[in-house]
Amino acid sequence: MNVGDLIKDNEYGDIGLIVRIDPKHVTSFSANCTEPYLIWCGGKLEWHKWTYIEEDCEVLSEGW
């Protein structure tokens, strides 16, 4: 998956846009938990784990 890809959650059908990928982004909750994908979904930006994006979502349209 790449920046600019339009993705869909396979279970709930939510659609989002990958805005940024930062492999070193760490959540404030746990120093051991990286959330490299910044997704625009539902009118807000949220960071998500690699496993969720890569395993539970599919690319609907590839970005630029």
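Presented here is a report on the structure given in the accompanying data block. (Residues numbered from 1 in each chain as written. Predicted model: local features only at pLDDT ≥ 70, side-chain atom pairs only at ≥ 80, totals over all residues. Heavy atoms only, no water.)

### Focus on the environment of Asp 22
For Asp 22, the location among the structural elements is in the loop between β2 (15-21) and β3 (37-41). Among the polar contacts made by the side chain of Asp 22, one reaches the side chain of Arg 20 at a distance of 3.5 Å. (Helix = DSSP H or I, 4+ residues; strand = E, 2+ residues; numbered from the N terminus. Polar contact = N/O pair within 3.5 Å; in protein donor to acceptor, adjacent residues only side chain to side chain.)

### Re the layout of surface pockets
Space inside the largest pocket adds up to approximately 160 Å³. Around the largest pocket sit 15 residues that line it, and Asp 14, Ile 39, Cys 41, His 48 and Tyr 52 are the ones nearest its centre. Elements with a contribution of two residues or more to the lining of the largest pocket: β1 (6-9), β2, β3, β4 (44-48) and α1 (50-56). Class assignment of the residues belonging to the lining of the largest pocket gives a composition of seven nonpolar, three polar and five charged. (1 Å grid on protein atoms, 1.4 Å probe; cavity = no way out; pocket = protein on both sides within 12 Å on 5 of 7 lines; lining within 4 Å. Points joined across faces, edges and corners; volume = space filled by probe spheres on them. Nonpolar A, V, L, I, M, F, W, Y, C, P; charged D, E, K, R; others polar.)

### Things to note about the environment of Asp 56
Structurally, Asp 56 can be placed in helix α1. Note on Asp 56: relative accessible area 39%, which makes it partly exposed. Put simply, Asp 56 and Tyr 37 are 19 residues apart on the chain and 13 Å apart in space, counted from C-alpha to C-alpha. If near-sequence neighbours (up to four positions away) are discounted, Asp 56 is found in contact with Lys 8, Asp 9, Asn 10 and Thr 51. (Buried < 20%, exposed > 50% of the residue type's maximum accessible area, 1.4 Å probe, protein only. Contact = heavy atoms within 4.5 Å.)

### Looking at the sheet that holds β1
Taking strand neighbours across the sheet as the criterion, the five strands line up as β4-β3-β2-β1-β5 in an open arrangement whose pairing is antiparallel. The open sheet has two free edges, formed respectively by β4 and β5 (57-61), since each of these has just one partner strand. The average angle at which neighbouring strand axes cross in this sheet is 40°, direction not considered. Sheet topology note: the β3/β4 ladder contains five bridges and is antiparallel. Within β4, the position partnered with Ile 39 by the bridge is Glu 46. (Pairing = 2+ DSSP bridges. Axes fitted to C-alpha atoms, helices over the stretch in contact; angles between N-to-C directions.)

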